[in-house]
Amino acid sequence: MLATSHNFKSNVHDALVDATLQKALGMMKTGFQVKRAQAFAKLPEFEDLREAAKAIKNHTLEHLDFYLETFERNVVARGGQVHWCRTPAEARETVLGICRRLGAKTVTKGKSMIAEEIALNDYLEANNVVPVETDLGEYIIQLRKEPPSHIIAPAVHLVKEQVADAFRAHHTDLDPGRALPDARTMCDEARMELRPKFLAADVGITGANFLIAETGTSVIVTNEGNGDLTQTLTKAHIALASLEKVVPTLEDTATILRLLARSATGQEFSTYTTLSTGPRRAEDTDGPGEYHVVLLDNGRSAMLGTEFQDMLRCIRCAACLNHCPVYSAVGGHAYGWVYPGPMGSVLTPSLIGVEEAGNLPNASTFCGRCESVCPMKIPLPRMMRHWREREYEKKLSPAPYRTGLSVWAFFARRPALYHVMTDIATRVLGFFGRRHGRFRTLPLANGWTQVRDLPTPEGRSFQSLWAERQRKKAA
Amino acid sequence: MVSDQPARVGLFVTCLVDLFRPSVGFAAVKLLEEAGCTVEVPRLQTCCGQPAYNSGDKADAKALARQVIDAFEGFDYVVAPSGSCAGQIRSHYPEMFADEPAMAQRVQHLAKRTYELVSFLVDVRGMEHVVARCAGVVTYHDSCSGLRELGVKQQPRQLLASVDGLTLKELPGAEICCGFGGTFCIKYPEISDRMVSDKAADILATGADTLLAGDMGCLLNMAGKLQRQGKEVAVRHVAEVLADMADEVAPMGAPEKR
């Protein structure tokens, strides 16, 4: 996917004036939040679970090589294969290689953010393999030829009329005059369209929420059952996973699963939790002929040992997106790459560079809500600040802003001079603003006054008034 | 019961109170004195350094932090009428000097003694009520840093409940950011505008005649938006009401009385 993160400001503008998008975002604003809050209200051990989950991931990241090699050994022992891929290109080629060897014409796909990260669909299409998205949201946006705007609700930026339009445009074998009044009807139609595609597919590709080292298992959570159909009916199941998805044991997986769905959708558990261990065995009645795990690094190992390591605890629940006032104002596409919201603002610069994505960690008020809801206790604002530090060191932030900051810091570091200057400034501003009580415009303050008034200072600085009071007291 | 232990408090005025609304500083002094403290205002202070810190300018941020550490050495407590600035000193100064063992002890010592004003009055000094009058319906916005870094939530509500004539109408979404975010509001004015517009709508929906909060940044932002929209909601720092100064000090952004 071609990044447009450098265009963040104009993306934001487009998003804010898009009435349909704003309507869709308005509808998601409180739903996720309320459901999450209700789910955790019934879980008194929530805080303990967070600590336990954090400890599991921290331990795993400290011994990542060991657990990944253990995982591979156990996958191989059960007849599967692990493909270590450093880059998106290597991962794409690996997937295509498997498809070619099996003579695959179509592949079904469960939801996978790694597939987005490596831009798999475009690549497969260019190489004459037809990818079919089977998660309802992903299916909709595939028809519309657009990327997901949310990591668990990919079509959350759409209203149902837009979905109906997409279905009418693509399901041309159906009666064009049919009624598509609600989500239920459209869901049924998508099921009917997808059913033959599941049966015809040669290869099934899914993501992975967890890789379990001790058993060589990949785990997906879904609410639609599409993942199961994708991975059990085909000649091969390919699980796409980034390397930080590994956890040591089944027990660890169970611990983190207790947080995942609750944080994401407010469900205690997702409808399906599917564990895949190796290909079909002789005695199995179904299952894929081959089992492959494509293990992607794409810059993650370089985050180990840095101030960004904690980000690798992320389990992609999207609680941070769902609680972010910036995300809920502009939606996911404005962020300009695969991962939006607070987790994207930290991860995206790591994966595609702070030069491209520098706006993302800056576009936060540091309100801290993301960190407060993160089940893995990832200090997201702190890591956004670390990106700002890198940006500042590389002199990437806009020059006028840097100059303004330097001038301010020059005075702030000289208290005596500062107090003289602020006393003059408050007197001048107080004098000119007194009549109206606020400024509607003010030189050098356009960023402020273009959207709001500036209340007038009272007319003296506190320090000068305090000094005066102390003098009077002494006299 | 207000503590009868004497305490020497250094008031961290905050740069926005110093510049825009000295009345908040005097309200803080009054409340601290009522809570049995003697108050001093070190002249060596300017700003806690947060604008530099959050802009990635570590050198200036650290220099300003050192200035604050020097200025407030020797007080029993450091109190700021702001959750944001108090949070910077309490939570972030120790992070900034984590790699300087020589400073670590001084920083920790300062961080531990630093409080946001209202939570200091209630949690440290045991203040349970104030003697103040403010007739009308007020609503209260929980500023993010105070709320999430310092746990300021029930303390202002507890003291406001004792203000004569005052009715508190809770603000829906009181814990959602108003869109100030320091330099965020001028770097991303369009997003900030959306956030503060949503906040203004929530404030108006309460029907309150006065909006209170504990941080000047958020207050300037919300007052500025309400005034741009021509709304008549009075906006004040919570300390002004608690210190019984609402009658003598005009609300933020009010035109001069003639």
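Please refer to the structure placed before this passage.
Keep in mind that this is a model prediction, so the values were computed, not measured. Residue positions are given per chain, counted from 1 along the sequence in the order it is written. Whichever chain is written first is A, and whichever ligand is written first is 1; the rest continue in order. Only residues with pLDDT of at least 70 are given local features in this predicted model, and only at 80 or more are side-chain atom pairs given and counted; all residues enter the totals for whole chains, interfaces and linings.

*Asks:* Where do I start with the pairing of strand β6 (residues 217–222) of chain A in this structure?
*Replies:* Every other side chain in a regular strand lies on the same face of the sheet, so the side chains alternate between the two faces. Residue and element names in this part refer to chain A. Burial of β6 is extensive: six of the six residues sit out of reach of the surface. What you see with β6 is no split at all: Thr-217, Val-219 and Val-221 on one side and Ser-218, Ile-220 and Thr-222 on the other are buried throughout. Note: strand β5 (residues 210–212) against β6, three bridges, orientation antiparallel. Its bridge partner lying in β6, Phe-210 is registered against Val-219. Exposed residues have 12 or fewer other C-beta atoms within 10 Å of their own C-beta, buried residues have 20 or more, and residues in between are partly exposed; the C-beta atoms are placed from the backbone. Secondary structure elements are taken from DSSP: a helix is a run of H or I of four residues or more, a strand is a run of E of two residues or more, and numbering for both begins at the N terminus. Only when DSSP finds a minimum of two bridges between them are two strands counted as paired.

*Asks:* What's the story with the environment of A:Glu146 in this structure? I'm lost.
*Replies:* Assignment of secondary structure puts A:Glu146 in the loop between α9 (136–143) and α10 (160–170). On a C-alpha basis, the gap between A:Glu146 and A:Ala357 in space is 20 Å, while along the polypeptide they are 211 residues apart.

*Asks:* Is there a simple way to think about the packing of helix α11 (residues 189–206) of chain B against helix α12 (residues 216–228) of chain B in this case?
*Replies:* When two helices pack together, their arrangement is captured by the angle between the axes and the distance separating the axes. Residue and element names in this part refer to chain B. Axis separation between α11 and α12 bottoms out at 9 Å; the angle between their running directions is 75°. One element, α11, and the other, α12, form an angle in the roughly perpendicular class. On α12, the residues touching Val-196, Ser-197, Lys-199 and Ala-200 of α11 are Asn-221, Met-222, Lys-225 and Leu-226. Here the term charged refers only to Asp, Glu, Lys and Arg, the term nonpolar to Ala, Val, Leu, Ile, Met, Phe, Trp, Tyr, Cys and Pro, and the term polar to all other amino acids, Gly among them. Across the contact of α11 with α12, the residue classes break down as four nonpolar, two polar and two charged. Each axis is a line fitted through C-alpha atoms, taken for helices only over the stretch in contact, and angles between the N-to-C directions span 0 to 180 degrees. An angle below 35 degrees is read as roughly parallel, one above 145 as roughly antiparallel, one from 65 to 115 as roughly perpendicular, and any other as oblique. What counts as a contact is two residues whose backbone-derived C-beta atoms lie within 7 Å of each other.

*Asks:* What should I look at first to understand the interface of chain A and chain B in this one?
*Replies:* It is common to report an interface's size as the accessible area lost on association of the parts. Facing 51 residues of chain A, the contacting portion of chain B comprises 59 residues. Breaking the side of chain A that touches chain B down by element, the ones donating at least two residues are α1 (8–17), α15 (325–330), α20 (380–393), α21 (399–412), α22 (415–433), α23 (446–449), β12 (454–455) and α24 (462–474) of chain A. Among the elements that take part in the side of chain A that touches chain B, α20(A) stands out by supplying five residues, more than any other. Here the side of chain A that touches chain B is built from residues that sort into 24 nonpolar, 15 polar and 12 charged.

*Asks:* Would you mind showing me how to read the sheet that holds strand β8 (residues 234–237) of chain B here?
*Replies:* Through backbone hydrogen bonds, the strands of a sheet pair up, either in parallel or in antiparallel fashion. Residues and elements named next belong to chain B. Taken in spatial order, the four strands of this open sheet run β6-β5-β7-β8, and their pairing is parallel. With one partner strand each, in any of the chains shown, β6 (164–168) and β8 form the two edges of the open sheet. Here the average twist between neighbouring strands, direction ignored, is 35°. As paired strands, strand β7 (residues 210–213) and β8 are joined by four bridges and run parallel to one another.

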